[in-house]
Amino acid sequence: MTTAAWRDTALPPADRVADLLSRMTLEEKTAQLYGVWVGAGTDGDGVAPLQDQMGAGLTDEDWAELITRGLGQLTRPFGTAPVEPVAGARSLAAAQRRIAAAGRFGIPALAHEECLAGFTAWGATAYPVPLAWGATFDPALVAEMARRIGHDLRSVGVHQGLAPVLDVVRDPRWGRVEETIGEDPYLVGTIGAAYVGGLESAGVVATLKHFAGYASSAGARNLAPVRAGVREFGDVTLPPFEMALREGGARSVMAAYNETDGVPATADARLLTELLREEWGFTGTVVSDYFGVDFLRTLHRVAADPAQAAHAALAAGVDVELPTLNCFGAPLAEAVRAGTVPAELVDRAARRVLLQKCELGLLDEDWQPEPAGPVDLDSAANRALARRLAEESVILLANPDGVLPLSPDTRIAVVGPRATDPLAMLGCYSFPSHVGVQHPEVPMGIAVPAVLDALRGELPDAKVTFTEGCGVDDPDTGGFEEAVARAAEADVCVAVLGDRSGLFGRGTSGEGCDVADLRLPGVQGELLDALLATGVPVVLVLLTGRPYALGRWQGRLAAAVQAHFPGEEGGPAVAGVLSGRVNPSGRLPVSVPRGPGGQPWTYLQPPLGLAGEVSSLDPTPLYAFGHGCSYTSFDWSDFAGGTDLATDGGCELSLTVRNTGDRAGAEVVQLYLHDPVASVTRPDVRLVGYRRLELEPGAAARVTFRFHADLSSFTDARGRRIVEPGELELRLGPSSAETVHRVRLRLTGPERQLGPDRQLLCGTGVSEVS
C-alpha cells in the first residue's frame, strides 16, 4: 500500500501540507478555517453544537453533514457547560473520531479552550488572575503555572489555549483590567512571555490577545474606538507581543475587536500581515476574536455581507474564524467561485492551519484522541502552586503603625461583602464565574476557601465575628448599624471589600463591566467611613480586579492589603498575610489613584502628564507602580557600574541587597530609565528591568543588571524605532516613585535605527554575598 505524501512523517511539514492542499476541494479547504462551538456530552459519547446564536444554530443533522468536509476547530467543549473532566475527555475523543471518520482525509479538529487564569473547565484549578501574576514580579513562577495549565489541557485532548492577554492598562476604569498583567509594557511582556513559554512547553498552542490596542479604548469602554497614535502603539502596545513571540515562542495571535483610526484590527493588513508576519517573521496562525469577522459587518459596518467580511479578514491575514462559522463557510466558498474572493487567500490560510495541525501530530496516521494518562484538573500540586502564586501576589499597601500581623488572641470584627463569598477570589474567566453562575444547581467543582474561614483557621485563638455590612454594589445601608456595633466591640476591624467579577454588566469588574470612575462599588466607601468613625483600628482588605481610589482614607487606615482576584487559594493567602504566616511581597502592577476622577492615568507620563502648575488637577497616585511593603526590612548598598556606552553597546549595574530584619522576605529590585532630553517627549520614568530576591534574615545577595542601549529605544516622530545618542539616567529603586541609586551615563556614537532583532530584555544575575 502506498502512503500519500501528506501522511509521510519523514517529509518536511511544508511538503506534506502542499500535497494535502493539492488534493482538497474548496469546501474542504474552507472547512479548516472555522470552528464550531460545541458542548461535551456528560455521558462521554461525543459533543453537540450549540443550537442558538452563539453556535450558529446548527442541528445534529447540520453537524453530521458539516463534518464530511472536515473541521478546523472545536470551540470550548469543556468551557461551555459543566462537564465532569473524565466524561468530557471521553466525549471529545469520541467526537474527534467521528470527525476524522466523516471526512475524506481523516483529519481531526483542533480543540481550543480559554485558559486565562487556569483551564476554564469545571473542576479545574482556578489560579490568580493575570493582574496578580504581574504583582508577583516572578516570571519563573508564572511559567510553571502555565506549564501545569498546558499539561491539564493536553490531558483531556485540548491543543490550543486562548491566553495570555498582553494588553497594557491605559485606563483602569476598563472592565478587563483584571485580565491584564499591568500598566507597564516591560512587566506585561516579560511575565506574558514566561506564560507563553510555559504553555508552549506542554505542547499547547498559546494565543496572544488582543492584537492590538484593545485596552486603549476611548473612555475605557469595551470595544470602543482606539485613538492611540503610532508612537503609543510602538512604545506601549506592541512590545509585549514582540516579547511573547520572540522570547516565548507563541504560535497563534488573536486579532482584536477594536478599530484604530478607523481600521478594525480584524481587517488591518498593515497590522496582521506587514507588521506581524513580514517585519516580525511570525509563521503561526491568526484567529479572530469571537465573532470578530462578522463584526466587520454588524458592528464596524465596513462589510455589506458575510462574504465581504470574510474577504476583508482573509486579505488582512486572519486565518481562522472563531468561535463558529458565520462568514468563512458557505459565504466564502460561494464568493471564491464567483470570483469576488481570490482562491489564493483561502489556500494561504488553509496552509497555515494545516501546518499547525501537522506540528501537533493531527495529520499523522497513528494519531490517537484518547487521553494518555489519568485526568486530574485540580491536583494537589496544582493547588500548592496556586497557593504560592496567591501568596506572592498579595500586596501590603500600608502598615504605618505595625497593626499587622494581627495578634493571635485578639478580638477581630470581620466586616464586608467579600469576606464570605468564594467567588470574591475569582476573575471573570474562571469557570465558576464565567459559566458556573449560569448553573446554580451544579456544585462549584473546586474548593475555594473564603477570607473569613481562612482567617479563623489561621488564628484559632482569636475571637472573630462577622457581619456583611452591605452588598457589593447595591445602595442598601441597612447593615451599617450592626457592622459598626461589631467593630466597636473588637480590638481590630478587618474590612473585606472589593469587586464581584462578571460579564457584560453582571459584575463590577470583568469583560463589559466598565466604570465611570474609581470609587469603591456601591456603598462600600460609606461603610468604610462608618467603621473608621468607631475609632477602632481598621485594616482594609481589597479583593478587586482593578485599582480603586483610596486617597479619601489616607492616614486613617491601620493597614491596607490589596489582592487582585487571587484564585482558589487566595483566601488562605490573604489570611496568611494578616496572621503573619506569609510575609507580603507583592508589588503594584498598576498605580493606586488618590482620587476617583482625573483618569485615565498610568505612570508612563511625559512631563506634562505629571502634576504641575499648568493644571489644578494633580494625578499623582497614592501608591505608585511597583510599590509594596514587607514585614521585614532591606538595605541596598555597594552600588557599582553604569559607564558611558555606545549606541550599540551595553553596561552593567550591580548592588547588594541585605535582609536586615528578623524574618525571611522578598525584595523586588526595579530598574527604571529616565531620558532627560529626547527628540520626542518620553515618559519621566519607565521600567527596563527587575529582579525578585528571596532572602533569609541577615542574608544578602548581589544583583547585576546587564543594560543594553537598545532598551533606551523609542519610536521617533517618523515612526522609526531608534537609539538616540545623548544623556540617560538609570534609577534603581523599590518602586517607580522611589530611587535608591541613580547613575547618569552618555550614549555615544551615531543614531541607530532598530529592527525586530533588537535587544528586548535586561539580563540579570544574582550571586550570594557573605
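Residues numbered from 1 in each chain as written. Predicted model: local features only at pLDDT ≥ 70, side-chain atom pairs only at ≥ 80, totals over all residues. Heavy atoms only, no water.

So, the overall build of the protein
What the protein contains, in helices and strands, is 20 helices and 28 strands. Since a compact globule built from 770 residues should have a radius of gyration of about 27 Å, the 26 Å found for the protein is in line with a globular shape. Seen along its three principal axes, the alpha-carbon backbone of the protein occupies a region of about 80 × 70 × 50 Å. Here the protein holds 770 residues, and the buried ones make up 63% of them. (Helix = DSSP H or I, 4+ residues; strand = E, 2+ residues; numbered from the N terminus. Rg over C-alpha atoms; globule rule 2.2 N^0.38 Å. Buried < 20%, exposed > 50% of the residue type's maximum accessible area, 1.4 Å probe, protein only.)

A word on the packing of aromatic side chains
In the structure shown here, the tally under the stated rule is 15 aromatic pairs. With 5.6 Å between their ring centres and 65° between their planes, Phe78 and Phe119 make a pair best called edge-to-face. Here Phe78, found in the loop between β3 (73-75) and α4 (85-102), pairs with Phe119, found in the loop between β4 (110-114) and α5 (130-136); they are 41 residues apart in sequence, far enough to count as distant. For the pair formed by Phe78 and Phe119, the shared burial category is buried. Plain terms: the ring middles of Tyr214 and Tyr257 are 6.1 Å apart, the flat faces sit at 65° to each other, and that makes the pair edge-to-face. With Tyr214 in the loop between β6 (205-211) and α8 (230-237) and Tyr257 in the loop between β7 (252-255) and β8 (259-260), this pair connects stretches of sequence that are 43 residues apart. Residue Tyr214 shares its accessibility class with Tyr257, and that shared class is buried. Through a chain of ring-to-ring contacts, three or more aromatic side chains come together here, namely Phe137, Tyr186, Tyr603, Phe625, Tyr672 and Tyr690. Above the ring of Tyr429, the side-chain terminus of Lys209 is found at 5.4 Å from the ring centroid. (Phe/Tyr/Trp six-rings, centres within 6.5 Å; stacked < 30°, edge-to-face > 60°. Lys NZ or Arg CZ within 6 Å of the ring centre and 35° of its normal.)

Describing the sheet that holds strand β25 (residues 726-733)
Read from one edge to the other, the open sheet built from five strands follows the order β18-β26-β25-β20-β21, with strand pairing classed as mixed. Two strands in the sheet have a free side with no partner beyond their single neighbour: β18 (645-646) and β21 (686-695). By the bridge criterion, seven bridges tie β25 to strand β26 (residues 741-748) in an arrangement that is antiparallel. Within β26, the residue paired with Glu727 across the bridge is Arg746. (Pairing = 2+ DSSP bridges.)

Examining unusual backbone geometry
With an omega of 5°, the peptide bond between Ala163 and Pro164 qualifies as cis. Here Lys209 and His210 are connected by a cis peptide whose omega angle stands at 5°. Mapped onto the secondary structure, His210 falls in strand β6. For Leu223, which is not glycine, the phi dihedral falls at a positive 70°. What makes Leu223 partly exposed here is its relative accessible area of 29%. For Phe504, which is not a glycine, the phi torsion comes out positive at approximately 50°. Topologically, Phe504 is positioned in the loop between β14 (492-498) and α19 (524-532).

A closer look at the pairing of β21
For β21, a buried count of eight out of 10 residues is recorded, marking the element as mostly surrounded by other parts of the structure. Note that strand β20 (residues 665-674) and β21 share nine bridges and pair antiparallel. Paired with Ala666 across the bridge in β21 is Glu694.

A word on the pattern of salt bridges
Where side chains of opposite charge bring their charged atoms close, a pairing between them can arise. Enumeration according to the criterion identifies 50 salt bridges in this entry. The closest approach of N and O atoms between Glu27 and Arg337, which form a salt bridge, is 2.3 Å. Here Glu27 is found in helix α2 (residues 26-31), whereas its partner Arg337 is found in helix α13 (residues 330-338), with 310 residues between them in sequence. For Glu27, a relative accessible area of 24% puts it in the partly exposed group. (Salt bridge = Lys/Arg side-chain N within 4 Å of Asp/Glu carboxyl O.)

Some details on the side chain of Arg16
Turning to its location among the elements, Arg16 is positioned in helix α1 (residues 13-23). Only 2.8 Å separates the side chain of Arg16 from the backbone oxygen of Trp6, close enough to count as a polar contact. For Arg16, the contacting residues outside a window of four places in its chain are Ala5, Trp6, Arg7, Asp8, Thr9, Leu11, Cys358, Leu363 and Asp364. (Polar contact = N/O pair within 3.5 Å; in protein donor to acceptor, adjacent residues only side chain to side chain. Contact = heavy atoms within 4.5 Å.)

Description of the environment of Ala678
Residue position: Ala678 is located in the loop between β20 and β21. We classify Ala678 as partly exposed; its relative accessible area is 27%. Here the alpha-carbon distance between Ala678 and Asp716, two residues 38 residues apart in the chain, equals 9.4 Å. Sequence-distant contacts of Ala678, that is, excluding residues within four places in its chain, are made with Phe714 and Glu724.

A short note on the pairing of strand β19 (residues 650-659)
The buried count for β19 comes to seven of 10 residues, which makes it a mostly enclosed element. The sheet contact formed by strand β17 (residues 634-641) and β19 spans six bridges and is antiparallel. Directly across from Trp636, in β19, lies its bridge partner Val657. Note: β19 against strand β22 (residues 700-708), nine bridges, orientation antiparallel. Looking across to β22, one finds that Val657 is bridged to Ala701.

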